[in-house]
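Letter by letter, the chains look like this.
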Amino acid sequence: MTSSSRPLLDVVQVHKAFGGVEAVADCSFNVVEGEICGLIGPNGAGKSTAVGLIGGALRGDRGQVWFAEQDVTSWPAHRRARAGLLRTFQLSQEWPNLTVIENVLLAAPEQIGETLWSALSARRRMRRQEEENWGRAEHLLAVFGLTALRDQLAWTLSGGQKRLLELARIAMGRAKLALLDEPMAGVSPALRSSIISQIRDMQASGISFLLVEHDLGVVGELCSRVIVMAAGRVLTEGTLDEIRQHPEVAAAYLGVSR
Amino acid sequence: MSTLLPIFATAFMYVIIYAILSIGLNLQYGVTGIVNFTYYTFVAIGAYVAGVLTLGKPPAGSGETYILGLNLPFPIPIVLAALVAGLFGGLLALTVFRRLRSDYLAITTLCAGTVAFDIVTNSTGLFNGPNGIYGVPTPLASTFGVPPQNTYMVLIPIGLVILALVWWVAHCIDLSPYGRTLRAIREGRDAAAAFGKNTLRLQLGVMILGCAIAGIGGALTVEFVGAFNPSAFETVETFVVYAAVILGGPGNNLGVILGAVLVQGVIIQGSLYLPTIGAESLVPAIRNMVIGGMVILVLYFRPRGMVGETRPQLGVPRRRGLGVRSAPGSRGEADS
Ligand SMILES: Nc1ncnc2c1ncn2[C@@H]1O[C@H](COP(=O)(O)OP(=O)(O)OP(=O)(O)O)[C@@H](O)[C@H]1O
Ligand SMILES: [Mg+2]
């Protein structure tokens, strides 16, 4: 029986070197459907590189990435995104000279008017779908507290507001799995708790997460399972309490952080 | 009256051609952020292709040599000029976008343009080398019995129809999710890819479309002037189209048409009728300095051009109004 189905995301022996630096060295881990899985590790551990390899922005030297039972290793980033694998970037990557609502609308999947031909010929269908998407985008802006900023250019937003905008895009894009690279970086404590509850709500709506985060308080609140990376390798994984007991983790990570 | 009309008609025809060229470049540069520094090479491709398709075989003993000479009727040469220019634009894009980061795009297009220029100048068998092609008849002139000095009487209506068509295409793009996605590529290619946009294909498409529009402009040029040679597509020509786009307002189709009126209609055509002062090349030199100076001033004081980018909101229920005007601020100010 081949009933041993793969988890939602399965990273198998993935490797990426930049010159002499093995940023990700033969790493294997997975994310199962429905969970928020933490990915922690000291600076330079290879977390962002791993996110890039999973999202397709980076090409690995060897190894495989499986997503939703498909081998996506050779897929370019946009194809993985269309399959429901969305990500944020460690530095927010909003589209600065587009408005906030345009930023959200852009994430809508399968837009009819997104080719030249349909922009010229399918204008009525396009407009109808756009009105639907617009309604959904406005709803999401309300959910993320961005309604007042709807028509502002995205570059005018504060760092924390940009993080919220990125989450709104993920929700708009109907992600199956979201890779969040330090979504709390530069976010005030007040906004932090709001982002935490947003992520929970998104999980409840069926989105799974791989969450790269330095703040173990946030990790403890959100993640049922944590993967620890150091120097390009997976050190260990388990619940936050389990990994706290791990001697190497204590030395490599917890020791320096707090 | 009878002396002024041809002058204004000629200037008007050039403005039409320039408006078409500006819309094409705006799609690439203003909307998608593709810095194509050899845009005018595609104008030249369109001009040469339309020229040799409209002309018959080179007369024996004339010493002229060029390919084809098919004597095709209007509008086939214009259509084929667009197709060939678009094809070459796509080929350039394929070599450039697959491997290179967009920073290198500018320099690569510049090199490609130089190569094309040298090929056309030195291989006389292609488009008659440095002397270029000439004597290209005006389309439909004989049909309507228009005298040769009044060719604008047929070309202005043809040009206006083509301009309207090109503008309509650009306008539909502006109003569609397609246009929004192109702008997202301009604003951040990695983020666009991370949200499922096939950036390579989209950029390829815009290169093809923009270069095809350049080809149409070139075809109109050769049918209007009747001649085309390498001196007509030196590198500076590309920058004049950029000037129109930057002065008018990158990303705004009406803005770039305004830029075309200013640069081509006022400055270039106007300076042709200034009295010669000093050396013969002085007026054109001053003219280019004026254009260059204006571009610098606009980039410094008003980076969004005379008319900023506006984005009509497609999905907004009508009562909420049509447009959201961009908030003040420039591309340069965006902290990325
Ligand atoms: N594009 C690149 N070129 C060269 N080296 C790189 C590149 N990207 C990452 N590296 C190297 O790979 C290693 C891992 O970097 P990465 O950004 O993945 O770490 P990280 O775990 O995300 O760190 P942080 O917590 O600081 O964000 C580092 O040593 C870094 O210098
Ligand atoms: Mg990182």
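Source: prediction; values computed, not measured. (Residues numbered from 1 in each chain as written. Chains lettered and ligands numbered in written order. Predicted model: local features only at pLDDT ≥ 70, side-chain atom pairs only at ≥ 80, totals over all residues. Heavy atoms only, no water.)

**Let's talk about the interface of chain B and chain A**
And step 1. In this complex, chain B contributes 44 residues to the contact, which on the side of chain A involves 41 residues.
And step 2. Of the roughly 3,900 Å² buried between chain B and chain A, counting both surfaces, carbon and sulfur atoms make up 61%.
And step 3. At the surface where chain B touches chain A, the tally comes to two salt bridges.
And step 4. In this structure, Glu114 of chain A engages Lys197 of chain B in a salt bridge whose closest nitrogen and oxygen atoms are separated by 2.7 Å.
And step 5. At the boundary of chain B with chain A, the tally comes to 12 residue pairs in polar contact (both at pLDDT 80 or more).
And step 6. Residue assignment for the side of chain B that touches chain A shows that the elements contributing at least two residues are helix 7 (152-175), helix 8 (177-187), helix 9 (189-194) and helix 10 (199-225) of chain B.
And step 7. Here the side of chain B that touches chain A takes eight residues from helix 8 of chain B, the largest share from any one element.
And step 8. In terms of residue class, the side of chain B that touches chain A is built from 21 nonpolar, 10 polar and 13 charged. (Contact = heavy atoms within 4.5 Å. Buried area = accessible area lost by both parts, 1.4 Å probe. Salt bridge = Lys/Arg side-chain N within 4 Å of Asp/Glu carboxyl O. Polar contact = N/O pair within 3.5 Å; in protein donor to acceptor, adjacent residues only side chain to side chain. Helix = DSSP H or I, 4+ residues; strand = E, 2+ residues; numbered from the N terminus. Nonpolar A, V, L, I, M, F, W, Y, C, P; charged D, E, K, R; others polar.)

**Some points on the pairing of strand 9 (residues 225-230) of chain A**
Residues and elements named next belong to chain A.
And step 1. The buried count for strand 9 comes to six of six residues, which makes it a mostly enclosed element.
And step 2. The pairing of strand 9 with strand 10 (residues 233-238) spans five bridges and is antiparallel. In the strand pairing of strand 10, Ala230 is matched with Arg233.
And step 3. In this structure, the hairpin formed by strand 9 and strand 10 is closed by a connection of two residues, where Ala231 is found at a positive phi of approximately 50 degrees. (Buried < 20%, exposed > 50% of the residue type's maximum accessible area, 1.4 Å probe, protein only. Pairing = 2+ DSSP bridges.)

**Here we look at helix 6 (residues 159-172) of chain A**
Residue and element names in this part refer to chain A.
And step 1. Here helix 6 contains 14 residues, and its C-alpha end-to-end distance of 20 Å stays within 8% of the 20 Å for a straight helix at 1.5 Å per residue.
And step 2. Taking burial as the measure, the 14 residues of helix 6 include 12 buried ones, the bulk of the element.
And step 3. The set of residues buried in helix 6 consists of Gly160, Lys162, Arg163, Leu164, Leu165, Glu166, Leu167, Ala168, Arg169, Ile170, Ala171 and Met172.
And step 4. Among the structural elements, strand 6 (85-87), helix 3 (100-106), helix 5 (123-143), strand 7 (177-181) and helix 7 (189-204) are those in contact with the buried residues of helix 6.
And step 5. The positive-phi residue at the C-terminal boundary of helix 6 is Arg174, with phi of around 50 degrees. (Expected span 1.5 Å × (residues − 1).)

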